[in-house]
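Examining the three-dimensional arrangement
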Amino acid sequence: GAVVSQHPSWVICKSGTSVKIECRSLDFQATTMFWYRQFPKQSLMLMATSNEGSKATYEQGVEKDKFLINHASLTLSTLTVTSAHPEDSSFYICSAGQGFQGAIQYFGAGTRLSVL
Amino acid sequence: TQLLEQSPQFLSIQEGENLTVYCNSSSVFSSLQWYRQEPGEGPVLLVTVVTGGEVKKLKRLTFQFGDARKDSSLHITAAQPGDTGLYLCAGGSQGNLIFGKGTKLSVKP
């Protein structure tokens, strides 16, 4: 149980285009989902917390207009990187929370974004 | 600001050796989780500990949560090449996870 599917696993796009990444909890309902960014050889950096039916909470320094998050259902959250630039190239990982306040998180396999 | 200090940052050992990874903080956490991550993949949850002093075993892996719920350790017995990966500890606080920087373990045959 507790499977989280993230799609796509790898995307290459041109500078200025937008990219949407999907995160689905396949066998449980997640009121809270989380989006992380990970640079090479570094740990995970929380970008935002997404709650079903409400606006996402962004961490300090993360542009909400650049990284649009939608959590329309209890099993799906999406992250859209708008007007992507080469510096947005990174490994993006989502997780879905279970338990009180989503205390236990199960992670997707990640999305490698390369912006040319 | 809550921080989790993980040590060592890198560890390279021979197959069959034992090792311990530490995760320390000055803050109290409601829970602590250990993950293992392989390159190009998301972290995989290994264990969650919630009670001070709790010890959990997962085959050759032993996890301990400190009595004060501020620190944790992961001990691997008779390491195997398949144990190679990035080990991350994460402390639960108010619905978020605070991650350590990770320990990159390499087990050579």
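A brief look at the structure comes next. Keep in mind that this is a model prediction, so the values were computed, not measured.

1. Some thoughts on the pairing of strand β11 (residues 111-115) of chain A
All names here are of chain A. Only one face of β11 is covered, namely the one carrying T111, L113 and V115; the face carrying R112 and S114 has none of its residues buried. Where strand β2 (residues 10-13) meets β11, four bridges bridge the pair, whose relative direction is parallel. From the neighbouring strand, V11 faces β11, where its bridge partner is L113. As paired elements, strand β9 (residues 90-98) and β11 share three bridges and run antiparallel to each other. Note on β11: the bridge partner recorded for Y92 is T111.

2. Side note on the state of the cysteines
Within the structure shown, the criterion is met by two disulfides over all chains. In this model C23(A) forms its disulfide with C94(A); the gap between the sulfur atoms is 2.0 Å. When the S-S torsion is 80°, as for the bridge of C23(A) with C94(A), the disulfide is right-handed. Here C23(A), found in strand β3 (residues 19-25), pairs with C94(A), found in strand β9; they are 71 residues apart in sequence, far enough to count as distant. As far as the burial class goes, C23(A) and C94(A) line up, both buried. Disulfide pairing is shown between C23(B) and C89(B); the S-S distance is 2.0 Å. Note on the C23(B) and C89(B) pair: the S-S dihedral is about 75°, so by sign convention the disulfide is right-handed. One end of the pair, C23(B), is in strand β3 (residues 19-24); the other, C89(B), is in strand β9 (residues 85-93), with 66 residues separating them in the sequence. On the basis of relative accessible area, C23(B) is assigned to the buried category, the value being 0%. Free of any disulfide, C13(A) has its nearest cysteine sulfur in C94(A), 18 Å distant.

3. Some words on the environment of G108(A)
For G108(A), the location among the structural elements is in the loop between β10 (104-107) and β11. Residues G108(A) and L46(A) lie 62 residues apart in sequence; the distance between their C-alpha atoms is 14 Å. Residues within four places of G108(A) in sequence aside, it is in contact with V4(A), Q6(A), I93(A), C94(A) and G42(B).

4. What about the pattern of salt bridges?
Applying the stated rule across the entire model yields five salt bridges over all chains. A salt bridge links K66(A) to D88(A); its shortest N-O distance comes to 2.8 Å. With K66(A) in the loop between β6 (57-58) and β7 (67-73) and D88(A) in the loop between β8 (76-81) and β9, this pair connects stretches of sequence that are 22 residues apart. Owing to a relative accessible area of 11%, K66(A) belongs among the buried residues under this scheme. Residues R36(B) and E38(B) are paired through a salt bridge, measuring 2.7 Å at the closest nitrogen-oxygen approach. Take E38(B): its relative accessible area is 35%, and that puts it in the partly exposed class.

5. Quick look at the interface of chain B and chain A
Each partner contributes to the interface: chain B provides 18 residues, whereas chain A provides 20 residues. The three residues of chain B that bury the most area against chain A are P43(B), G95(B) and F99(B), which together make up 29% of that side's buried surface. Here chain B and chain A share zero salt bridges between them. If you look at where chain B meets chain A, you find four residue pairs in polar contact (both at pLDDT 80 or more). Those elements that place two or more of their residues in the side of chain B that touches chain A are β4 (31-37), β5 (44-49), β9 and β10 (96-99) of chain B. Of the residues belonging to the side of chain B that touches chain A, the class tally is seven nonpolar, nine polar and two charged.

6. Notes on the sheet that holds β3(B)
Residues and elements named next belong to chain B. Taken together, five strands build an open sheet; the order of strands is β1-β3-β8-β7-β6 and the sheet is antiparallel. Unpaired on one side and paired on the other, β1 (5-7) and β6 (55-58) mark the two borders of the sheet. Averaged over all neighbouring strand pairs, the angle between strand axes comes to 15°, with direction disregarded. Looking at chain direction, β6 and strand β7 (residues 61-65) are connected through four bridges and run antiparallel. Across the sheet, K56 pairs through a bridge with F63, a residue of β7.

Reading the values: the criteria
Within every chain, residues take consecutive numbers counted from 1 along the sequence as written. The order in which chains are written sets their letters, starting at A; the order in which ligands are written sets their numbers, starting at 1. A pLDDT threshold of at least 70 governs which residues receive local features in this predicted model, and a stricter bar of 80 or more applies before side-chain atom pairs are shown or counted, although totals over entire chains, interfaces and linings include all residues. For side-chain calculations, the full set of non-hydrogen atoms in the structure is used, while hydrogens and water are omitted. Summary of the burial criterion: residues with accessible area below 20% of their type's maximum are buried, those above 50% are exposed, and those between are partly exposed, where the area comes from a 1.4 Å probe applied to protein chains only. Per the convention used, a helix needs a DSSP run of H or I reaching at least four residues, while a strand needs a run of E reaching at least two, with both numbered from the N terminus. Following DSSP output, two strands are said to pair if at least two bridges run between them. Sulfur atoms of two cysteines make up a disulfide when they are within 2.5 Å. Residues count as neighbours in contact if any of their non-hydrogen atoms are within 4.5 Å of one another. Take a side-chain nitrogen of Lys or Arg and a carboxyl oxygen of Asp or Glu: if they are within 4 Å of each other, that pair is a salt bridge. Summed over both partners, the accessible surface that disappears when two parts come together, traced with a 1.4 Å probe, is what is meant by buried area. Think of a polar contact as two N or O atoms within 3.5 Å of one another; within protein, one of them needs to be a possible hydrogen donor and the other a possible acceptor, and neighboring residues in sequence only count if both atoms come from side chains. Classification used: nonpolar for Ala, Val, Leu, Ile, Met, Phe, Trp, Tyr, Cys and Pro, charged for Asp, Glu, Lys and Arg, polar for all others including Gly. Axes here refer to lines fitted to C-alpha atoms; in helices the fit is confined to the stretch in contact. Angles between the N-to-C directions go from 0 to 180 degrees.

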